Amino acid sequence: AQSVTQPDIHITVSEGASLELRCNYSYGATPYLFWYVQSPGQGLQLLLKYFSGDTLVQGIKGFEAEFKRSQSSFNLRKPSVHWSDAAEYFCAVGHNTDKLIFGTGTRLQVFP
Amino acid sequence: SQTIHQWPATLVQPVGSPLSLECTVEGTSNPNLYWYRQAAGRGLQLLFYSVGIGQISSEVPQNLSASRPQDRQFILSSKKLLLSDSGFYLCAWSVPNTIYFGEGSWLTVV
């Protein structure tokens, strides 16, 4: 069955620290992979996406993600977190947008 | 550039009352349109999607319905709301392979 797992429900980091949010998927074919961010009470904003090619993808706001086929992972990283990065982050996989599968999200808290 | 508008932003409705959430997209034609629901502490659940006027696919059986009366308009409705319909509803549109979301509508059924 196709699924997305975000193992960390809640992560807390200090401002300026590095960040890695985990995403593992189960999918029959090479999927399209996405990371979205949601600020409280807001819609979802696309951070980055991977379809093919270079497995290290650069996104907005200084985020990047690396597709690792052997580990079925697409982890999101940022070298130095800012207080404004506090939000909920969703990983999603699919091959057609009408069948996009979302993870349950990771809530990021940033301490000054 | 493309924009998506969704309203109302917040809604408090009594059980048994009707519902209408509207969504319009600007700057594109013939988009795929979606309604998602996000319950507290959960991920996103796809409710409906539409590939064209009058074409609606439902992902889960529920107390809700959707309609697409115009190319860039998508409406989520209910005749009688249940408490379990409370949640955050997101309209979205897509270009090939990428979905973009509106700002969402908070629905509280009391």
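Preceding this paragraph is the structure being described.
Figured I'd write up the structure that's included with this text. Computed from a predicted model, the values in this text were never measured in an experiment.

1. Quick word on the overall build of chain A
Right, so step 1: Looking only at helices and strands, one finds zero helices and 12 strands in chain A.
Right, so step 2: For chain A, the succession of helices and strands along the chain, N to C, is β-β-β-β-β-β-β-β-β-β-β-β.
Right, so step 3: On C-alpha atoms alone, chain A measures out to a radius of gyration of 13 Å, which is about the 13 Å that the 2.2 N^0.38 rule sets for 112 residues.
Right, so step 4: When the backbone C-alpha atoms are referred to their principal axes, chain A occupies close to 40 × 30 × 20 Å.

2. Digging into the pairing of strand 2 (residues 10-14) of chain A
Residues and elements named next belong to chain A.
Right, so step 1: Here strand 2 shows one buried face, formed by I11 and V13, and one open face, formed by H10, T12 and S14.
Right, so step 2: Of the pairings in the sheet, the one linking strand 2 to strand 12 (residues 106-111) comprises five bridges and is parallel in character. By the bridge assignment for strand 12, I11 is matched with L108.

3. Some details on the state of the cysteines
Right, so step 1: Per the stated rule, a full pass over the model turns up two disulfides over all chains.
Right, so step 2: The disulfide that involves C23 of chain A links it to C91 of chain A, with 1.9 Å between the sulfurs. Between C23 of chain A and C91 of chain A, the disulfide has an S-S torsion of -65° and is therefore left-handed. Of this pair, C23 of chain A sits in the loop between strand 3 (19-21) and strand 4 (24-26) while C91 of chain A sits in strand 10 (residues 87-94), and the two are 68 residues apart along the sequence. Taken individually, C23 of chain A and C91 of chain A each receive the classification buried, so the pair is uniform in this respect.
Right, so step 3: Here C23 of chain B is linked by a disulfide to C91 of chain B, with a sulfur-sulfur distance of 1.9 Å.

4. Topic: the side chain of S73 of chain A
Right, so step 1: Along the chain, S73 of chain A turns up in strand 9 (residues 73-78).
Right, so step 2: By relative accessible area, S73 of chain A is classed as buried at 3%.

5. Points about the nonpolar core
Right, so step 1: Core analysis: the largest hydrophobic core is formed by 27 residues, its most contacted members being W35, L48, L76 and Y89 of chain A.
Right, so step 2: Mapped onto this core, the elements with two or more residues apiece are strand 2, strand 3, strand 5 (32-38), strand 6 (44-50), strand 8 (64-68), strand 9, strand 10 and strand 12 of chain A.
Right, so step 3: When residues of this core are assigned to their parent elements, the largest contribution, four residues, is made by strand 10 of chain A.
Right, so step 4: Not counting chain neighbours up to four residues away, the residues in contact with L76 of chain A comprise L19, E20, L21, W35, L47, L48, F63, E64, A65 and Y89 of chain A.
Right, so step 5: Ranked by size, the runner-up nonpolar core spans 20 residues in total, among them L21, L64, F74 and L81 of chain B.

6. What about the pattern of salt bridges?
Residue and element names in this part refer to chain A.
Right, so step 1: All chains considered together, the criterion is met by seven salt bridges over all chains.
Right, so step 2: One salt bridge in this structure joins R77 and E64, with 3.2 Å as the shortest N-O distance. Taken together, the positions of R77 in strand 9 and E64 in strand 8 put the pair 13 residues apart, joining distant regions of the chain.
Right, so step 3: Take E64: its relative accessible area is 19%, and that puts it in the buried class.
Right, so step 4: The partner of E88 in a salt bridge is R107, and the shortest N-O contact between them spans 2.9 Å. With a gap of 19 residues between them, E88 in strand 10 and R107 in strand 12 connect regions that are remote in the sequence.
Right, so step 5: By relative accessible area, which is 41% here, R107 ends up partly exposed.
Right, so step 6: Through salt bridges with shared partners, a single network forms among E64, E66 and R77.

7. So, the environment of V110 of chain A
Residue and element names in this part refer to chain A.
Right, so step 1: Looking at the element boundaries, V110 is found in strand 12.
Right, so step 2: Placed 29 residues apart in sequence, V110 and V81 show a C-alpha to C-alpha distance of 7.7 Å.
Right, so step 3: Excluding residues that lie within four positions of it along the chain, V110 makes contacts with V13, S14, E15, V81, H82, W83 and A86.

8. Remarks on the packing of aromatic side chains
The geometry of an aromatic ring pair comes down to the distance between the two centres and the angle between the two planes.
Right, so step 1: As enumerated under the stated definition, the model contains 17 aromatic pairs over all chains in all.
Right, so step 2: Through a chain of ring-to-ring contacts, the aromatic side chains of Y32, F34, Y36, F51 and F102 of chain A together with Y34, Y36, Y49 and F101 of chain B assemble into a single cluster.

9. Digging into the pairing of strand 1 (residues 3-7) of chain B
Residues and elements named next belong to chain B.
Right, so step 1: Side-chain alternation along strand 1 places I4 and Q6 on a buried face and T3, H5 and W7 on a face that remains uncovered.
Right, so step 2: One ladder, built from five bridges, connects strand 1 with strand 3 (residues 19-26); its direction is antiparallel. The residue of strand 3 that forms the bridge with Q6 is C23.

Reading the values: rules and limits
Residues numbered from 1 in each chain as written. Chains lettered and ligands numbered in written order. Predicted model: local features only at pLDDT ≥ 70, side-chain atom pairs only at ≥ 80, totals over all residues. Heavy atoms only, no water. Helix = DSSP H or I, 4+ residues; strand = E, 2+ residues; numbered from the N terminus. Rg over C-alpha atoms; globule rule 2.2 N^0.38 Å. Buried < 20%, exposed > 50% of the residue type's maximum accessible area, 1.4 Å probe, protein only. Pairing = 2+ DSSP bridges. Disulfide = S-S within 2.5 Å. Core = buried A, V, L, I, M, F, W, Y, C linked by side-chain atoms within 4.5 Å. Contact = heavy atoms within 4.5 Å. Salt bridge = Lys/Arg side-chain N within 4 Å of Asp/Glu carboxyl O. Phe/Tyr/Trp six-rings, centres within 6.5 Å; stacked < 30°, edge-to-face > 60°.

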